[in-house]
Amino acid sequence: MSVRFKLALTIVVTGAITALGVIATVLFAFQRFEHETTYHRADAFLERVVSMYDNIFEMHERHPEEFEAFLRNLVLSEPDTQLYLLDAAGTVLASTGRTDLPPGFKVALGPVLEAVGDTPMPYVMGDDPERMDAGAVIAAKPVRRAVIRNDAPVAGYLYLVCHKPVLPEGRLEVVGSTFAKPALAAIVGIVVVSTLCAWWIIAAVTRPLRQLSDAVAAVSRDGLDSGAADPAGIALPDMSQRDEFGQLAAGFRSMLGTLGRQWEALRRLDHFRREGVSNLSHDLRSPLTATAACLETLDGRWAGDAAHDDDRRLIEMALRNTRNAARLVQSLGDLAQLDEPSFKLQAELLDAGELLDDIAVRFGQRAARCGVSLSAEHPGGADAEPPVAALDIELFERAVANLVDNALKFSREGDRITLAARARDGRVEVSVADTGPGIPPADVPHLFDRFYQSRQSVAPATGEGGKGLGLAIVKRIAELHGGEVTVSSEADMGTRVTIYLPSAAV
């Protein structure tokens, strides 16, 4: 769910809730106003009756039947009302209603006392004896007997009940329609206004966010090398605005400028590093080659001379270290060249299995001297799909050769190394597997890191095991071919390194 949709939904729901709240408030206020108006009219009516007739109880006692007719005449001008005479305990003595109340019927005295109390009430809800509910507006006035004393006790109450209007079915539907249509119109109007406000708010809020999101996506997609990182060439919210979006845009533009400058500085440093490593590698090759040649010459001169056996052992150690240094310098130069952005593959469509056959032949004698079995296999046989890929022959052979060289270094006598290539799921899988001692689990995630060496498998005194560049070169070559490399290993079960390359149609 997008931010834009959330904002729109929030505003529309808020508008609808507000509309319903307004309608409910209006209805409640109207009902309260109606109750108050009815109560005050009824109270004034009873006040007039009590002031005009001070012998109400005597009239009832002398002529009970005529008294009820008298009460009916009083309420002729007050429609939807019923008038009752109550004694001091709330028992109904006389009424204008047509319903025959049981003898001794009483109404709740609490609302009566509220109505006659000294505290003014907005309205009082009490019992409606005729309809047996407590949902009617009532008014009451105390009635005393006609005596000269001013402090005569209350003999009873005049109790006026204002009925709720009960409409026939047709009129009820008319009233419902009358209230429903305005309410519906009010809700629709508020929803429309809320929608327009939502559109305006969403446009004002999400447009700067969309611009910032597009800018971040462009930098993430194209990187800092593209024009997307140029602060002047990217669409951002108006920074002249003093709101949060203007401040955010200014900060984002400043951040882009800083990142661009830092990235350019890193590019220059990286180019200087690669160029320096490449030049150093090139400059060191000649003296190392000359040193190795001199050592080989001395070793040849003293061959067979027992007097120089100790000297020959020193020369052999120096020659081995010189060759290791030469290989390290060569690897550093090759890796620096592969890291150059301008480096291009010389790729052509080849069967990877045929190249593995050539590599197996090249390392066959060395493997035999180590007592290791080395072979190239073709999974699936002659009917299988050929593992054809766009390969740079020199680089691909270098990658596989590095893997075979590593396998031979750590394989034991009697172990087996297997080279295999096959096409599967649109990719070519080239694997080098051995049955050697395996790789410690802690070292597996770091095998392709540059200059990383497992302390459990390298003999520092002899320099065996390489300097952590062979697998880094393999990984870089796989990436240049648009592929990847993985490794799986188990202790005492062997290691399998697999290069995945995009398959190519012949």
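The numbering scheme is per chain: residues are counted from 1 as the chain's sequence reads. With the structure being a predicted model, the display of local features is reserved for residues of pLDDT at least 70 and the display and counting of side-chain atom pairs for 80 or more, all residues being used for whole-chain, interface and lining totals. Excluding hydrogens and water, the side-chain figures rest on all heavy atoms present in the structure.

As for helix α8 (residues 352-362)
Relative accessibility decides the category of a residue: with a 1.4 Å probe and only protein chains considered, values under 20% of the type maximum give buried, values over 50% give exposed, and everything between is partly exposed. Helix numbering and strand numbering both begin at the N terminus, where a helix is a DSSP run of H or I of at least 4 residues and a strand a DSSP run of E of at least 2. For α8, the complete set of buried residues consists of Ala352, Gly353, Leu355, Leu356, Ile359 and Ala360. The arc that holds the buried residues of α8, viewed along the axis, is 155°, so those residues lie on one side. What points out from α8, more than 90 degrees from its buried face, is the exposed set Glu354 and Val361. For α8, the side-chain oxygen to backbone nitrogen distance between the N-cap and Gly353 is 2.8 Å, and the N-cap itself is Asp351. This arc describes the spread of directions from the helix axis toward the C-beta atoms. A 3.5 Å cut-off defines polar contacts: any pair of N or O atoms within that distance qualifies, except that in protein one atom must be a possible hydrogen donor and the other a possible acceptor, and neighbouring residues in sequence count only when both atoms are side-chain atoms.

Here's the deal with the packing of helix α10 (residues 393-410) against helix α11 (residues 470-480)
One way to put it is that α10 packs onto α11 with a least axis distance of 9 Å and a crossing angle of 145°. As for the relative orientation of α10 and α11, their crossing is left-handed in sense. Residues Leu395, Phe396, Arg398, Ala399, Asn402, Leu403 and Asn406 of α10 lie in contact with α11, whose contacting residues are Gly470, Leu471, Ile473, Val474 and Ile477. Throughout this entry, Asp, Glu, Lys and Arg are counted as charged residues, while Ala, Val, Leu, Ile, Met, Phe, Trp, Tyr, Cys and Pro are counted as nonpolar. The remaining residues, Gly among them, count as polar. Split by residue class, the contact of α10 with α11 holds 8 nonpolar, 3 polar and 1 charged. Helix axes are fitted only over the stretch in contact, all axes being lines through C-alpha atoms; the angle between N-to-C directions runs from 0 to 180 degrees. Handedness of each helix crossing follows the sense of rotation of the near helix against the far helix: counterclockwise by less than a right angle gives left-handed, clockwise gives right-handed. Note on contacts: a residue pair qualifies if any of its non-hydrogen atoms lie within 4.5 Å across the two residues.

With respect to the packing of aromatic side chains
We call Phe, Tyr and Trp rings a pair once their centres come within 6.5 Å, taking the six-membered ring for Trp, and we label the pair stacked below 30 degrees between planes, edge-to-face above 60, and tilted otherwise. Considering all chains together, one arrives at 3 aromatic pairs under this definition. Seen from their ring centres, Tyr53 and Phe70 are 5.0 Å apart, and the 85° between their planes marks the pair as edge-to-face. Of this pair, Tyr53 sits in the loop between α1 (3-52) and α2 (56-62) while Phe70 sits in helix α3 (residues 64-74), and the two are 17 residues apart along the sequence. Ring centres 5.9 Å apart and planes at 40° place the aromatic pair Phe67 and Phe70 in the tilted group. Remark: Phe70 and Phe67 occur in helix α3; sequence separation between them is 3 residues, near one turn of the helix. Taking the relative accessible area as the measure of exposure, Phe67 reaches 2% and is therefore buried. The structure contains a cluster of three or more aromatic residues connected by ring pairs, namely Tyr53, Phe67 and Phe70.

So, the pairing of strand β5 (residues 156-162)
Residues in a regular strand point their side chains to alternate faces of the sheet. Counting buried positions over the 7 residues of β5 gives 7, a clear majority of the element. Side chains of β5 alternate between two faces, with Gly156, Leu158, Leu160 and Cys162 and Tyr157, Tyr159 and Val161 buried alike. Two strands form a pair only when DSSP identifies at least two bridges running between them. In this sheet, β5 lies alongside strand β1 (residues 81-87) in antiparallel orientation, the contact comprising 7 bridges. Within β5, the position partnered with Asp87 by the bridge is Gly156.

Regarding a nonpolar patch on the surface
On the surface, a cluster of nonpolar side chains totalling about 370 Å² of accessible area is made up of Phe5, Leu9, Val13 and Ile17. Relative to the helices and strands, Phe5 is located in helix α1. By relative accessible area, which is 45% here, Phe5 ends up partly exposed. To count toward a patch, a residue needs a relative accessible area over 30% and no salt bridge; like charges are then connected within 9 Å, while nonpolar side chains (Val, Leu, Ile, Met, Phe, Trp, Tyr) are connected within 5 Å. Only the protein chains shown count as cover for residues, with accessible areas throughout obtained via the Shrake-Rupley method and a probe of 1.4 Å. The rule for a salt bridge is simple: a side-chain nitrogen of Lys or Arg has to be within 4 Å of a carboxyl oxygen of Asp or Glu.

Comments concerning the side chain of Gln82
Relative to the helices and strands, Gln82 is located in strand β1. A polar side-chain atom of Gln82 sits 2.5 Å from a polar atom in the side chain of Thr96. One polar contact links the side chain of Gln82 to the main-chain amide nitrogen of Gly97, over a distance of 3.0 Å. When sequence neighbours within four positions are dropped, the list of residues in contact with Gln82 reads Thr96, Gly97, Glu130, Tyr159, Leu160, Val161 and His163.

Considerations on the environment of Val49
Mapped onto the elements of the fold, Val49 is located in helix α1. Spatially, the C-alpha atom of Val49 lies 9.1 Å from that of Leu158, the residues being 109 residues apart in sequence. If near-sequence neighbours (up to four positions away) are discounted, Val49 is found in contact with Ile56, Leu74 and Leu158.

A closer look at the packing of α8 against α10
Contact pair α8 / α10: the axes reach a minimum separation of 10 Å and the direction vectors enclose 50°. Taken together, the axes of α8 and α10 are oblique relative to one another. Where α8 crosses over α10, the two elements pack in a sense that is right-handed. Of α10, the residues touching α8 (which contributes Ala352, Leu355, Leu356, Ile359 and Arg362) are Ile393, Phe396, Glu397, Val400, Ala401 and Val404. If an angle is under 35 degrees, it is roughly parallel; if it is over 145, roughly antiparallel; if it lies from 65 to 115, roughly perpendicular; otherwise it is oblique.

What to know about α3
Among the residues making up α3, those that are buried are Phe67, Phe70, Leu71 and Leu74. Along α3, the residues classed as buried sweep out an arc of 100° about the axis, all on the same side. Facing away from the buried side of α3 by more than 90 degrees, the exposed set consists of Glu65, Glu66 and Asn73.

A few points about unusual backbone geometry
Even without being a glycine, Asp425 presents a positive backbone phi close to 55°. Mapped onto the fold, Asp425 is located in the loop between β9 (416-424) and β10 (427-434). Relative accessible area serves as the criterion here: at 74%, Asp425 is assigned to the exposed category. Even without being glycine, Asp492 reaches a positive phi, approximately 65°. Positionally, Asp492 belongs in the loop between β11 (484-490) and β12 (494-502). Residue classification places Asp492 among the exposed residues on the basis of a relative accessible area of 57%.

Considering the sheet that holds β9
By way of backbone hydrogen bonds, the strands of a sheet pair with one another, either parallel or antiparallel. The 5 strands are arranged β7-β9-β10-β12-β11 in an open sheet whose pairing can be described as mixed. Here the strands that pair on one side only, and so sit at the sheet edges, are β7 (373-377) and β11. When the angles between neighbouring strand axes are averaged without regard to direction, this sheet yields 15°. Those strands touched by α8 are β7, β9 and β10, and its axis lies near 170° from that of β9.

Quick look at the confidence of the model for the chain
Mean pLDDT for the chain: 79, with 83% of residues reaching 70 or above. Values of pLDDT, the confidence the predictor places in each residue, fall between 0 and 100. Note that pLDDT drops below 50 for residues 457-465; the model gives that stretch 9 contacts with residues more than four away or on any other chain.

Some words on the pairing of β12
With 7 of 9 residues buried, β12 is to be regarded as a mostly interior element. Bridge analysis of β10 against β12 gives 8 bridges, and the strand direction is antiparallel. Counterpart to Val428 in the pairing with β12 is Leu501. Between β11 and β12, which pair antiparallel in sequence order, lie 3 residues; one of them, Asp492, sits at a positive phi of approximately 65°.

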